[in-house]
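Given next are the chains, with one letter for each unit.
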Amino acid sequence: MFRAAVRLSVSGVRSVTRARAACQQAPLASRCYSHGTHETDEEFDARWVTYFNKSDIDAWELRKGMNTLVEYDLVPEPKIVEAALRACRRLNDLASAIRILEAVKDKAGPHKDIYPYLIQELRPTLDELGISTPEELGIDKV
């Protein structure tokens, strides 16, 4: 009995010392870099315009696309916002269109010249689709 207990404790001590020795070894430095192709700005814009121009887009896909787009560290180009607004019109969803304009204004942040430029570029589309900006509706002051 005593012999069995000593044998188990010795094997337990060996495994603990092996584990400690393994932990004390310096880890190998390995990095996994992406070697894939990098998307250009034009390809990025074309991908999102194609996404919002899908004829069978539904409200969930529209919101998912806008949420994903807003997560990026950029202000979307006017042609992407135009495609999103046209998708809102196809869905007859005025609230989402106004939210998109509010999100773009929020993404512009402290750069006060970006949002007026976007509205200037989107003005023909806004007039064609009958969409008012948050400023025209007076909900930007709330």
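The preceding data block contains the structure.
It should be emphasised that the depicted structure is a prediction, and the values quoted were computed from it without experimental measurement.

Procedures and definitions
Residues numbered from 1 in each chain as written. Predicted model: local features only at pLDDT ≥ 70, side-chain atom pairs only at ≥ 80, totals over all residues. Heavy atoms only, no water. Helix = DSSP H or I, 4+ residues; strand = E, 2+ residues; numbered from the N terminus. Buried < 20%, exposed > 50% of the residue type's maximum accessible area, 1.4 Å probe, protein only. Contact = heavy atoms within 4.5 Å. Areas by Shrake-Rupley, 256 points an atom, 1.4 Å probe, with all protein chains shown as cover. Phe/Tyr/Trp six-rings, centres within 6.5 Å; stacked < 30°, edge-to-face > 60°. Patch = residues over 30% accessible without salt bridge, like charges linked within 9 Å, V, L, I, M, F, W, Y side chains within 5 Å. Salt bridge = Lys/Arg side-chain N within 4 Å of Asp/Glu carboxyl O. Lys, Arg positive; Asp, Glu negative; His and termini not counted. Charge placed at Lys NZ, Arg CZ, Asp CG, Glu CD. Axes fitted to C-alpha atoms, helices over the stretch in contact; angles between N-to-C directions. Parallel < 35°, antiparallel > 145°, perpendicular 65-115°, else oblique. Left-handed = near helix turned anticlockwise from the far one by under 90°. Nonpolar A, V, L, I, M, F, W, Y, C, P; charged D, E, K, R; others polar. Core = buried A, V, L, I, M, F, W, Y, C linked by side-chain atoms within 4.5 Å.

## Re the overall build of the protein
Check the secondary structure of the protein and you find seven helices and zero strands. Listed N to C, the secondary structure of the protein is α-α-α-α-α-α-α in terms of helices and strands. Burial analysis of the protein (142 residues in total) assigns 27% to the buried set. Long-range pairs, those at least 24 residues apart, make up 63% of the contacts in the protein with a sequence separation of at least 6. Accessible surface, the protein as shown: approximately 10,400 Å² in total, 55% of it carbon and sulfur.

## Things to note about the packing of aromatic side chains
Scanning the entire structure with this criterion turns up six aromatic pairs. Taken together, a centroid distance of 5.5 Å and an interplanar angle of 70 degrees make the contact between Trp-48 and Tyr-51 edge-to-face. With Trp-48 and Tyr-51 both in helix 2 (residues 41-52) and three residues apart, the pair spans about one turn of that helix. With a relative accessible area of 5%, Trp-48 lands in the buried category. Ring plane angle 75 degrees and centroid distance 6.3 Å describe the contact between Trp-48 and Tyr-72, whose orientation is recorded as edge-to-face. Here the residue Trp-48 occupies a position in helix 2, and Tyr-72 occupies one in the loop between helix 3 (59-71) and helix 4 (78-91), the gap between them amounting to 24 residues. By relative accessible area, which is 29% here, Tyr-72 ends up partly exposed. Taken together, the aromatic side chains of Phe-44, Trp-48, Tyr-51, Phe-52 and Tyr-72 make up a single cluster linked through ring pairs.

## Some remarks on a negative patch on the surface
On the surface, Asp-41, Glu-42, Glu-43 and Glu-77 cluster together into a negatively charged patch. In this fold, Glu-77 is placed in the loop between helix 3 and helix 4. Assessed through its relative accessible area of 39%, Glu-77 is described here as partly exposed.

## Describing the packing of helix 4 against helix 6 (residues 114-129)
Put simply, helix 4 and helix 6 touch, their axes get as near as 10 Å, and they point 25 degrees apart. Accordingly, the angle class assigned to the pair helix 4 and helix 6 is roughly parallel. Pair helix 4 / helix 6 crosses with right-handed handedness. Here helix 4 contributes Pro-78, Val-81, Glu-82, Leu-85, Arg-86 and Arg-89 to the contact with helix 6, which in turn contributes Tyr-117, Leu-118, Glu-121, Leu-122, Thr-125, Leu-126, Glu-128 and Leu-129. Its residues placed into classes, the contact of helix 4 with helix 6 shows eight nonpolar, one polar and five charged.

## Re unusual backbone geometry
The phi angle at Asn-92 is positive, at roughly 60 degrees, despite the residue not being glycine. With respect to the helices, strands and loops of the structure, Asn-92 is situated in the loop between helix 4 and helix 5 (94-108).

## Quick notes on the nonpolar core
Judged by nonpolar contacts, the single largest core of 27 residues is most densely connected at Phe-52, Leu-85 and Leu-101. Element by element, the count of residues in this core is highest for helix 4, at seven residues. Leu-85 has contacts with Ala-97, Ile-100, Leu-101, Leu-122, Leu-126, Leu-129 and Ile-131, leaving out every residue within four places of it along the chain.

In short, shape yes, function no, at least from these values alone.
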